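# Observations on the model geometry
The residues making up each chain are set out below.
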Amino acid sequence: MQDDDILKCIHHLNLSTLLLSQKMIEKDKVMAMYRLGIDEKTADILSNLSASQMLVLSETNQLTFQFRFKNSAMMEKLTEESRVSDIKQMHTGILLSSLLLDSINK
């Protein structure tokens, strides 16, 4: 993949994430904050961004968001085989919730 292609993908991903975030916040702010791992002030800022502001923000050469998985052990646990898919989804939710609580408490 060429560098230009990677940058285009980053731009598209950034814009898609910002648009999705706004829709989520509009539909259910508290749930969106939980799922996005953001605080209320950040949710308010995101929900009030204009289209031109989102375009400017999305056109950086960096992702405007980050993964909440901070180490390989978490990724390994979440991707290992499980006989019961509902338990895996619940386990992922619990892990991400605990990460969000840890970040809020810091």
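The rules behind these values
Residues numbered from 1 in each chain as written. Predicted model: local features only at pLDDT ≥ 70, side-chain atom pairs only at ≥ 80, totals over all residues. Heavy atoms only, no water. UniProt positions renumbered as here; feature names shortened; annotations may be inferred. Helix = DSSP H or I, 4+ residues; strand = E, 2+ residues; numbered from the N terminus. Contact = heavy atoms within 4.5 Å. Expected span 1.5 Å × (residues − 1). Buried < 20%, exposed > 50% of the residue type's maximum accessible area, 1.4 Å probe, protein only. Axes fitted to C-alpha atoms, helices over the stretch in contact; angles between N-to-C directions. Parallel < 35°, antiparallel > 145°, perpendicular 65-115°, else oblique. Nonpolar A, V, L, I, M, F, W, Y, C, P; charged D, E, K, R; others polar. Core = buried A, V, L, I, M, F, W, Y, C linked by side-chain atoms within 4.5 Å. Salt bridge = Lys/Arg side-chain N within 4 Å of Asp/Glu carboxyl O.

In the annotation of an unreviewed UniProt entry, the chain is listed under the name Flagellar transcriptional regulator FlhD and assigned to Gilliamella apis. Quoted verbatim from the Subunit (unreviewed entry) field of the UniProt record, the comment on the chain reads "Homodimer; disulfide-linked. Forms a heterohexamer composed of two FlhC and four FlhD subunits. Each FlhC binds a FlhD dimer, forming a heterotrimer, and a hexamer assembles by dimerization of two heterotrimers." For the chain, the Subcellular location (unreviewed entry) comment in UniProt is given as "Cytoplasm".

When helices and strands are counted, the chain shows six helices and zero strands. Going residue by residue from the N terminus, the α and β elements of the chain occur as α-α-α-α-α-α. If you take every contact in the chain between residues at least 6 apart in sequence, the share linking residues at least 24 apart comes to 60%.

Moving on, we come to helix 1 (residues 3-27). Counted at 1.5 Å a residue, the expected span for helix 1 with its 25 residues is 36 Å, and the 36 Å between its end C-alpha atoms agrees. Taken residue by residue, helix 1 has Ile10, Asn14, Leu18, Ser21, Gln22 and Ile25 as its buried positions.

To continue, consider the packing of helix 1 against helix 2 (residues 29-36). Here helix 1 crosses helix 2 at 140°, and the two axes come no closer than 5 Å. Here helix 1 is positioned oblique relative to helix 2, judged by the angle of their axes. Between helix 1, through Ser21, Met24, Ile25 and Lys27, and helix 2, the contact on the second element is made entirely by Lys29, Ala32, Arg35 and Leu36. The residue inventory of the contact of helix 1 with helix 2, partitioned by class, reads four nonpolar, one polar and three charged.

Take the nonpolar core next. Formed by Leu18, Ile25, Ala32, Met33, Ile38, Ala43, Leu46, Leu49 and Met54, the largest nonpolar core amounts to nine residues. Elements with a minimum of two residues in this core: helix 1, helix 2 and helix 3 (40-47). In contact with Leu46, other than residues within four places in its own chain, are Leu18, Ser21, Gln22, Ile25 and Ile38.

This next bit is on the environment of Ser16. Here Ser16 shows up in helix 1. What makes Ser16 partly exposed here is its relative accessible area of 43%. Along the sequence, Ser16 and Ser58 sit 42 residues apart, while their C-alpha atoms lie 8.7 Å from each other.

Another aspect to go through is the pattern of salt bridges. One pass over the full model with this rule turns up two salt bridges. The shortest N-O distance in the salt bridge between Lys29 and Glu40 comes to 3.2 Å. Of the two residues, Lys29 sits in helix 2 while Glu40 sits in helix 3, which places them 11 residues apart along the sequence. Of the residues examined, Glu40 reaches a relative accessible area of 46% and is grouped as partly exposed. Ionic pairing is found between Asp44 and Lys29, a salt bridge with its closest N-O pair at 2.5 Å. Within this pair, whereas Asp44 is found in helix 3, its partner Lys29 is found in helix 2, the two being separated by 15 residues in sequence. Counted as one network, the salt bridges with shared partners bring together Lys29, Glu40 and Asp44.

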